[in-house]
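Listed below are the residues making up each chain.
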Amino acid sequence: MKTIAITGSSGFVGTNIKSFFSKKDFEVISIKREDLKNKAKLLSIIEKAHIVINLAGANIINRWTDSYKKLLYNSRIDTTKALVHAMTKAKVKPELFISTSAVGIYSNKDCYDEEYFKYSDDFLANLCKDWETEALKAKELEIRTAIFRFGIVLGKGGALEKMLLPFKMGVGGTIGAGQQHFSFIHIEDLLNAYKFLIENVDLNGMFNLTSPMPTTNKGLTKALGTALNRPTLLPVPEFMLNLIFSEGAKVLTDGQCVEPKRLVDSGFVFKHTTIDETINSIVNKK
């Protein structure tokens, strides 16, 4: 039986990963916040783990005050540094390290994949760059290292839970004109992508974790309205989101168009590709 050690196991994605792999004959150990500060405890966990999955990080959808931006940064960078430091010290090192990043690293000017891209130069993109730089130091220890750049993960709970309420009340609508890109992935495809990477030992490096058919905010709005059988007539003005989230509103108002070229080229098959089918399968799941 292989052992997976995971940071961020109490979040939406972490909870799903823990449940998924526990049912597939893996032992899954949560690395808690206090473990990250206890070097001896962290080292003992890392030495037991065949695979380390790094998901830790404060919730990105929030009001970005200066102190919250510091929390967003430190919760990702410091955790990753602590993990890599423990791997450096470990007598028995993990076989695989899978860290996390986000499609917010990319510019919003075009559709990008892992080979054709342009990075943005704002807070979120620079956070992703620094996060990835820390994670890639595990490669120098001859540990197979991969980074999953998440699109918006859709499933029961998480981001979708926050989106559903206004739509259920009949007051859901596009954000602004709704033309901003929306790159997403169904939680089921995300879990299978982790399994696929673990099983295919020649894979490493960057992978976009997004459906091969990105949509727009308008496409998402239409899919939600159809699945819930509710009107979607009221657009949400961008200035309202700026008032609520300040700079953090960019996550909602400034999307990226991203495609998962490396996963597809490696033979991974997505079960949920379109936004309509993805939303319908979650909202109307019996």
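Residues numbered from 1 in each chain as written. Predicted model: local features only at pLDDT ≥ 70, side-chain atom pairs only at ≥ 80, totals over all residues. Heavy atoms only, no water.

**Student:** How should I be thinking about the state of the cysteines in this particular structure?
**Tutor:** Enumeration according to the criterion identifies 1 disulfide in this entry. The disulfide bridge from Cys111 ends at Cys257, spanning 1.7 Å between sulfur atoms. Across the disulfide from Cys111 to Cys257, rotation about the S-S bond amounts to roughly 45°, and the bridge is consequently right-handed. A residue pair is termed long-range when its members are at least 10 positions apart, and Cys111 in strand β5 (residues 111-112) and Cys257 in strand β12 (residues 257-258) qualify at 146 residues. Not engaged in a disulfide, the cysteine Cys128 finds its nearest cysteine sulfur in Cys257; these two sulfurs lie 17 Å apart. (Disulfide = S-S within 2.5 Å. Helix = DSSP H or I, 4+ residues; strand = E, 2+ residues; numbered from the N terminus.)

**Student:** I'm lost on the packing of aromatic side chains in this one. Help?
**Tutor:** In this description, an aromatic ring pair is defined by two values, namely the gap between the centres and the angle between the planes. Scanning all chains against the criterion turns up 13 aromatic pairs. Centroid distance Phe148 to Phe207: 6.0 Å. Interplanar angle 75°. Geometry classified as edge-to-face. Taken as a pair, Phe148 in strand β6 (residues 144-150) and Phe207 in strand β10 (residues 205-209) lie far apart in primary sequence, 59 residues in all. By relative accessible area, which is 0% here, Phe148 ends up buried. In this structure an aromatic cluster arises from ring pairing among Tyr106, Tyr112, Tyr116, Phe117 and Tyr119. Above the plane of the ring of Phe123 lies Lys69, whose end atom (NZ or CZ) is 5.0 Å from the centre. (Phe/Tyr/Trp six-rings, centres within 6.5 Å; stacked < 30°, edge-to-face > 60°. Buried < 20%, exposed > 50% of the residue type's maximum accessible area, 1.4 Å probe, protein only. Lys NZ or Arg CZ within 6 Å of the ring centre and 35° of its normal.)

**Student:** Can you help me understand the packing of helix α3 (residues 39-48) against helix α4 (residues 66-89) in this one?
**Tutor:** Two measures define how a pair of helices packs: the angle their axes make with one another and the distance between the axes. At a minimum axis separation of 9 Å, α3 and α4 run at an interaxial angle of 70°. By the angle between their directions, the pair α3 and α4 is classed as roughly perpendicular. As α3 runs across α4, the sense of the crossing is right-handed. Contact residues: α3 offers Leu42, Leu43, Ile46 and Glu47, while α4 offers Ala82, Leu83, Ala86, Met87 and Lys89. (Axes fitted to C-alpha atoms, helices over the stretch in contact; angles between N-to-C directions. Parallel < 35°, antiparallel > 145°, perpendicular 65-115°, else oblique. Left-handed = near helix turned anticlockwise from the far one by under 90°. Contact = heavy atoms within 4.5 Å.)

**Student:** For this particular structure, what's the right way to read the layout of surface pockets?
**Tutor:** Gaps left between atoms show up when a probe the size of a water molecule is rolled over them. Quantified by volume, the second largest pocket comes out at close to 180 Å³. Contributing to the lining of the second largest pocket are Asn16, Gly155, Lys156, His186, Ile187, Glu188, Leu191, His272, Ser281, Ile282 and Lys285. Examining the composition of the lining of the second largest pocket, we find that 3 residues originate from one element, helix α7 (residues 187-199), more than from any other. Considering only residue class, the lining of the second largest pocket consists of 3 nonpolar, 5 polar and 3 charged. (1 Å grid on protein atoms, 1.4 Å probe; cavity = no way out; pocket = protein on both sides within 12 Å on 5 of 7 lines; lining within 4 Å. Points joined across faces, edges and corners; volume = space filled by probe spheres on them. Nonpolar A, V, L, I, M, F, W, Y, C, P; charged D, E, K, R; others polar.)

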